[in-house]
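Given next are the chains, with one letter for each unit.
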Amino acid sequence: MQNLFAALLRQIIIAMENIRNFSIIAHIDHGKSTLADRLIQHTGMIEDRNFHDQLLDNMDIERERGITIKSQAVALPYRAKDGRDYILNLIDTPGHVDFTYEVSRSLASCEGVLLLIDASQGVQAQTIANLYLAMEHNLAVIPVINKIDLLTADVDRVLEQIDAELGLDPFSHIRCSAKQGIGIEEVLEAIVERIPPPKGDPSKPLSALIFDAQYDSFRGTVIHCRVFDGAVRPGDVIRFMSSGTTYRVEEVGRFALARLKKDALCAGEVGYLIAGVKTVADVRIGDTITHDDRPAGNALPGFKEIKPVVFSSIYPISSEDYGDLATALEKYKLNDASLVYTKDSSVALGLGFRCGFLGLLHLEIVQERLEREFDQAIILSVPSVRYRFTLKDGSVVHVDNPANYPDPATIEKAEEPFIRATMIMPEKYLGAVMKLCTEKRGVSSTMNYLGPGRVELTYEMPLAEVLFDFYDRFKTVTQGYGSFDYDLIDYREGRLVLLDILVNGEKVDALSQIVHRDNARQRGVHACEKLKDEIPRQQFKIAIQGAIGGEIISRSTISPFRKDVTAKCYGGDITRKRKLLEKQKKGKKRMKMVGTVSIPQSAFLAVLQSDND
Amino acid sequence: MDDNRISTAAGLYIHVPFCRSKCAYCDFYSVTDVGRIDGYLEALSLEMELYRGFAPVFDTVYMGGGTPSCLPADRLADVLARLRSAFPVSPGSEITVEVNPGDVDTACLERLREAGFNRVSVGVQSFDDAILTTLGRRHGGREGREAVDAARRAGFDNLSIDLIYGVPGQSPEGWRETMESALAVNPEHLSCYELTLERGTPLHRRVEAGQLTLADEDEAYGFFSATSEFLEGRGYIHYEVSNFARTGALISRHNHKYWDHTPYLGLGPSAHSFRGCRRWWNRRDLPRYISDLRAGRAPVDGQEELSQEQLRMEALYFGFRTKRGIHGPAFRERFGMDLLREEGAALRGLRDEGLIRLDGEVLTPTRRGLALADRLCLL
Ligand SMILES: Nc1nc2c(ncn2[C@@H]2O[C@H](COP(=O)(O)OP(=O)(O)OP(=O)(O)O)[C@@H](O)[C@H]2O)c(=O)[nH]1
Ligand code: SF4
Ligand SMILES: [Mg+2]
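If you're wondering where the values come from, they're calculated on a predicted model, not measured in any experiment.

Basis of the calculations
Residues numbered from 1 in each chain as written. Chains lettered and ligands numbered in written order. Predicted model: local features only at pLDDT ≥ 70, side-chain atom pairs only at ≥ 80, totals over all residues. Heavy atoms only, no water. Donors = N, O, S within 2.8 Å, 3.2 Å for Na, K, Ca; no water. Helix = DSSP H or I, 4+ residues; strand = E, 2+ residues; numbered from the N terminus. Buried < 20%, exposed > 50% of the residue type's maximum accessible area, 1.4 Å probe, protein only. Contact = heavy atoms within 4.5 Å. Pairing = 2+ DSSP bridges. Axes fitted to C-alpha atoms, helices over the stretch in contact; angles between N-to-C directions. Parallel < 35°, antiparallel > 145°, perpendicular 65-115°, else oblique. Left-handed = near helix turned anticlockwise from the far one by under 90°. Phe/Tyr/Trp six-rings, centres within 6.5 Å; stacked < 30°, edge-to-face > 60°. Lys NZ or Arg CZ within 6 Å of the ring centre and 35° of its normal. Near = heavy atom within 4 Å. Nonpolar A, V, L, I, M, F, W, Y, C, P; charged D, E, K, R; others polar. Polar contact = N/O pair within 3.5 Å; in protein donor to acceptor, adjacent residues only side chain to side chain. Areas by Shrake-Rupley, 256 points an atom, 1.4 Å probe, with all protein chains shown as cover. Core = buried A, V, L, I, M, F, W, Y, C linked by side-chain atoms within 4.5 Å. Domains from an automatic or database assignment.

A. Here's a closer look at the coordination of the magnesium ion (ligand 3). Residue and element names in this part refer to chain A. Coordination of the magnesium ion (ligand 3) by the protein is provided by Ser-33 (OG) and Thr-68 (OG1), with metal-donor distances spanning 1.9 to 2.0 Å. Taken together, the residues Ser-33 in helix α2 (residues 32-42) and Thr-68 in the loop between α3 (60-65) and β2 (72-79) connect sequence positions 35 residues apart. On the accessibility criterion, Ser-33 (11% relative accessible area) is buried.

Structural data, given as structure tokens:
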């Protein structure tokens with residue numbers, strides 16, 4: 001970074017009027033990270049030759065998938081048209097529903113947001129959901145219409161939507177193309193002019209909100225916080241208000257692109273703090289930091305506790321690796337407090353861990369990171385939601401693992417979690433979507449015309465049905481023009497049964513699912529067919545069966561290999577063949593042996609996927 | 001090294017990279033430009049010099065290709081003579097030459113026999129003209145018969161015939177007739193290969209385009225087991241996936257070296273060599289092969305150093321492809337792994353399924369096991 005900016009960023013006291021704290025929020029893929037890139041470049045934080053796309057998405061998996069998973073903060077020095085120097089604290093947020101909690105946390109440290117809307121897609125479900133979040137926090141909202149460079153951009157239509165669907169003043173919008181760098185200056189000026197500077201009193205007792213924490217293998221936990229009142233400096237003794245534990249501050253600073261040390265963090269500022277906190281688990285996100293010797297009167301409001309909604313067990317492919325997996329999970333958790341897990345064991349798959357995830361994307365990401373960053377060969381059992389059973393003796397049990405399904409004779413009442421799904425789509429898809437929702441046991445629908453040809457549809461649906469292949473089919477029936485968001489609402493009674501899967505006569509508990517009685521048969525058939533596709537042929541016949549309470553309801557057979565041999569094996573063939581075998585052997589190592597059958601990882605997730613992908 | 005091998009002496013392979021035309025299924029390295037024969041032979045002599053000290057003794061020589069019979073018999077005789085002066089080829093060695101129907105007559109084969117070749121392998125492939133056309137061979141069934149008869153007349157008492165099955169348009173009956181025709185000369189050895197589709201060949205393209213269909217897995221297994229049953233019924237030993245011999249002494253000693261990690265030296269473009277735990281291979285490019293050797297460089301294109309683990313995998317793979325199988329104690333000696341014990345459960349499974357047999361301390365594939373040999377080594 002150039003020296004001028006470094007000096008500015010390091011400056012101890014920046015007048016609060018010269019600070020702006022804001023997040024970029026939007027529906028998934030509307031261009032938040034790309035706009036962040038442009039803002040960073042425009043303010044000269046990074047030389048062009050060091051620049052690459054998605055600068056703030058620093059996990060490999062984020063870049064590969066082109067999505068943001070974790071919010072990321074960065075402080076930008078900016079000399080505005082009024083001639084004054086500002087520090088703009090930008091937070092780029094994820095768009096995917098699974099990570100909504102990241103957005104709410106980010107918003108708690110801001111005074112305003114840039115609400116991005118894709119000029120060709122227009123307002124989508126998460127545009128509205130995220131706008132609501134911003135309004136809950138009383139933030140200034142600047143609507144930014146992005147991707148105006150696209151041939152399919154329709155700015156007028158988006159303006160109507162801003163007015164009619166978001167209830168915002170369409171005259172307040174800015175148009176930009178993050179990709180082509182159009183309108184960036186206007187965005188920066190609007191941030192300075194329209195987002196209020198932070199309020200707060202530097203002379204009051206310290207009160208700072210923890211909104212994130214990250215693990216650094218050299219420094220321990222790096223706490224991300226927003227100071228509301230007071231100031232914090234290295235050497236101060238601080239106290240976490242919820243737990244009362246105290247720590248001595250080692251370092252404070254701002255997020256430049258790397259951490260940038262400062263002498264103090266003062267009221268109104270966003271930055272980090274390192275205080276010898278060993279693990280991320282010792283920090284509660286949403287907690288308030290104050291001074292031990294001069295504590296604040298009240299803690300800040302904090303956040304709602306995030307609860308996992310999807311559960312699945314992780315097993316090592318080979319049971320000797322259980323210890324390694326335990327260590328890997330512990331390390332993984334240092335940087336992703338949203339993953340929860342406990343020990344678990346399966347009859348078919350041995351020792352493992354029962355894990356709770358924020359959604360299926362979160363599950364996939366945990367799986368992929370454990371494999372890539374921690375080199376674990378793992379299997380995940382079929383994902384499940386958490387059910388509630390009232391037993392005849394009056395006790396209530398929560399079951400998120402089909403293996404713990406209560407004895408049916410003891411069940412008085414079975415309940416499953418329900419969500420309210422909000423969907424926005426062009427009117428012509430309405431029929432198809434309603435049909436899909438009904439099939440997914442959706443009830444109590446409401447419909448609302450947002451504007452000509454656009455409808456917002458809500459349904460109350462069992463969460464399990466949404467997990468089971470809803471999203472892909474929704475995308476298909478709306479040809480990609482529909483968007484979807486959901487909130488958990490309550491538990492409702494349902495007629496549930498346990499669907500078991502037997503492979504060559506052996507029950508594989510990790511493939512069991514809790515399903516609704518009405519579609520149990522269909523799900524059993526589906527699972528058998530999917531497994532038939534996923535489990536590779538072996539030299540013997542493999543029988544797959546679906547069973548409910550001992551009664552076989554579906555079956556499929558995988559025919560055995562009869563011939564698998566290379567005709568020629570002389571000089572030149574050998575190396576080629578061995579390489580192929582090595583690859584196959586590696587593939588086989590990534591499969592779990594259940595009895596004599598090798599089951600690949602993909603099989604466990606596939607039973608939840610639809611046929612048409 | 002274990003020693004349950006047939007022989008520990010090295011093998012010598014010479015790749016003759018010329019064919020009169022390319023067959024529709026073939027991906028061996030060869031060119032049709034016979035104008036390069038002189039350059040090739042000159043380079044081959046230079047290559048021999050580079051490997052003079054390769055092994056203390058050789059007991060097999062195999063001249064393959066390509067089509068060795070593209071070269072006049074005198075020149076092949078000359079190559080063999082030069083090999084013998086460059087390498088210690090022991091008396092009693094198995095010395096094979098591959099010939100194609102249409103290329104050779106009795107006189108030519110007699111000349112080869114005089115020169116010291118004592119085994120001839122005739123690339124008949126089929127006696128059925130229609131099948132030969134599909135394969136894009138230059139010759140018909142009649143030339144095939146003439147070639148094997150000529151080999152007998154020339155006095156070869158170790159005759160091998162190459163045949164291919166699973167050719168589009170081939171019926172099980174047609175295949176049986178081809179085998180019957182081959183047996184008419186009572187050959188000492190037969191190689192019966194299932195047709196393999198190789199990328200980039202005309203046949204591959206025709207199958208991709210849907211103009212031809214290949215046998216499916218069940219049909220392929222039908223051909224495989226019918227071949228095995230038929231030839232075993234006629235007294236042949238099915239000693240390797242695609243190879244049959246009239247007696248144990250008549251198995252291809254040269255080929256067995258590929259399957260038990262005995263050293264072999266391959267000369268000529270695209271030839272592979274192996275010694276110790278290193279394998280290397282020559283360029284598949286005749287002009288480069290020649291220019292490298294003229295410049296005093298080995299024409300090597302690549303090499304690999306095999307780890308113990310890789311050697312072990314290969315040994316399992318080879319073992320399950322051959323009737324000699326895997327000798328438990330020798331395997332343990334070499335790789336420190338007691339197959340009969342450690343992999344017990346997996347092996348027991350294979351035995352229960354009738355894919356392998358345990359004869360004393362030797363694990364051997366059954367006929368059904370041979371048909372699945374590529375999987376068995378993955379245990
Ligand atoms: N044509 C065009 N494409 C853009 C523009 N801005 C972003 N994109 C593209 O839109 C896609 C998504 O951009 P991102 O910046 O990753 O979107 P995001 O909102 O951060 O996505 P999530 O973090 O997954 O919610 C990428 O392919 C970008 O290149 C733009 O102004 N014009
Ligand atoms: S099959 Fe034999 S003759 Fe035909 S092209 Fe290949 S090497 Fe030449
Ligand atoms: Mg992003």
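B. Structural detail: the side chain of Glu415(A). Residues and elements named next belong to chain A. Position of Glu-415 among the secondary structure elements: in strand β23 (residues 411-426). When its relative accessible area of 8% is taken as the criterion, Glu-415 is described as buried. In this view, Glu-415 contacts Tyr-387, Arg-388, Thr-390, Tyr-491, Arg-492, Glu-493, Gly-494 and Leu-496; residues no more than four positions away in its chain are not counted.

C. The arrangement of the sheet that holds β2(A) in detail. Residue and element names in this part refer to chain A. Strand order in this open sheet of six strands is β2-β3-β1-β4-β5-β6, and the pairing throughout is mixed. Looking along the sheet, the strands with just one partner apiece sit at the ends: β2 and β6 (174-175). Across the face of the sheet, helix α4 (residues 100-107) comes into contact with β1 (19-26), β3 (85-92) and β4 (112-118) while running at roughly 160° to β1.

D. Summary view of the packing of helix α1 (residues 37-50) of chain B against helix α2 (residues 73-86) of chain B. Residues and elements named next belong to chain B. Where α1 meets α2, the closest approach of the two axes is 10 Å, and the angle between their N-to-C directions is 10°. With respect to α2, the element α1 is oriented roughly parallel. Relative to α2, α1 is oriented so that their crossing is right-handed. In this structure, α1 contributes Ile-37, Asp-38, Leu-41, Leu-44, Ser-45 and Met-48 to the contact, and α2 contributes Arg-75, Val-79, Arg-82, Leu-83 and Ala-86.

E. Focus on the environment of Asp129(B). Tracing the backbone shows Asp129(B) in helix α4 (residues 129-135). Setting aside anything within four residues of it in sequence, one finds Asp129(B) in contact with Gly140(B) and Gly141(B).

F. Quick peek at the sheet that holds strand β15 (residues 362-365) of chain B. Residue and element names in this part refer to chain B. Pairing within the open sheet is antiparallel, and its three strands lie in the order β13-β15-β14. Strand pairing shows two members of the sheet lacking a second neighbour, β13 (326-327) and β14 (356-359), which therefore form its edges. Bridge analysis of β14 against β15 gives four bridges, and the strand direction is antiparallel. Across the sheet, residue Arg-357 finds its bridge partner in β15, namely Thr-364.

G. Focus on the packing of aromatic side chains. Counting across every chain of the model gives 29 aromatic pairs over all chains. Between Tyr570(A) and Tyr258(B) the ring centres are 6.1 Å apart and the planes differ by 65°, which places this aromatic pair in the edge-to-face class. Taken together, the positions of Tyr570(A) in the loop between β31 (551-558) and α14 (571-589) and Tyr258(B) in helix α9 (residues 253-259) put the pair across two chains. Of the two residues, Tyr570(A) and Tyr258(B), both sit in the buried class. Through a chain of ring-to-ring contacts, three or more aromatic side chains come together here, namely Tyr570(A), Tyr193(B), Tyr258(B), Trp259(B), Tyr264(B) and Phe274(B). Above the plane of the ring of Phe228(A) lies Arg226(A), whose end atom (NZ or CZ) is 4.4 Å from the centre. Between Arg259(A) and the ring centre of Tyr272(A), over which it is positioned, the NZ or CZ distance is 5.7 Å.

H. Seen up close, the site of ligand 2. Residues in contact with ligand 2, as listed here, are Cys19(B), Ser21(B), Lys22(B), Cys23(B), Tyr25(B), Cys26(B), Gly66(B), Thr67(B), Asn100(B) and Arg137(B). Along the lines of polarity and charge, the residues of the shell around ligand 2 split into four nonpolar, four polar and two charged.

I. Representation of the site of ligand 1 in the model. Residues and elements named next belong to chain A. Contacts to ligand 1 come from 18 residues, most closely from Lys-32, Ser-33, Thr-34, Thr-68 and Asp-149. Thr-68 places a polar side-chain atom, nitrogen or oxygen, 2.7 Å from an oxygen atom of ligand 1. Out of a free accessible area of 650 Å², ligand 1 has 84% covered by protein chains. The element contributing the most residues to the shell around ligand 1 is α2, with three residues. Classifying every residue of the shell around ligand 1 by side-chain character gives four nonpolar, nine polar and five charged.

J. Quick look at the nonpolar core. Grouped together as the largest cluster of nonpolar side chains are 76 residues, with contacts concentrated most on Leu83(B), Phe87(B), Leu109(B), Leu163(B) and Leu190(B). Looking at this core, you find at least three residues from each of domain 1 (10-259) and domain 2 (308-376) of chain B. Sequence-distant contacts of Phe87(B), that is, excluding residues within four places in its chain, are made with Leu12(B), Met48(B), Tyr51(B), Arg52(B), Phe58(B), Leu265(B) and Leu267(B). Cys355(A), Ile378(A), Leu467(A) and Tyr486(A) belong to the second-largest nonpolar core, a separate cluster that totals 50 residues.

K. Main features of the environment of Val120(B). All names here are of chain B. Mapped onto the fold, Val-120 is located in strand β4 (residues 119-125). The spacing of Val-120 and Asp-157 is 37 residues in sequence and 8.8 Å in space, taken between C-alpha atoms. In this structure Val-120 touches Val-97, Val-99, Leu-109, Ala-151, Phe-156, Asn-158, Leu-159 and Ser-160, once residues within four positions along its chain are discounted.

L. Focus on the packing of α14(A) against helix α11 (residues 308-321) of chain B. Between α14(A) and α11(B), the least distance of the axes is 11 Å, while the angle of their chain directions is 105°. Relative to α11(B), α14(A) is oriented roughly perpendicular. Note on element contacts: α11(B) touches α14(A) through Gln310(B), Met313(B), Glu314(B), Tyr317(B) and Phe318(B), opposite Ile574(A), Lys577(A), Arg578(A), Leu581(A), Glu582(A) and Lys585(A). Here the residues of the contact of α14(A) with α11(B) are counted per class, giving five nonpolar, one polar and five charged.

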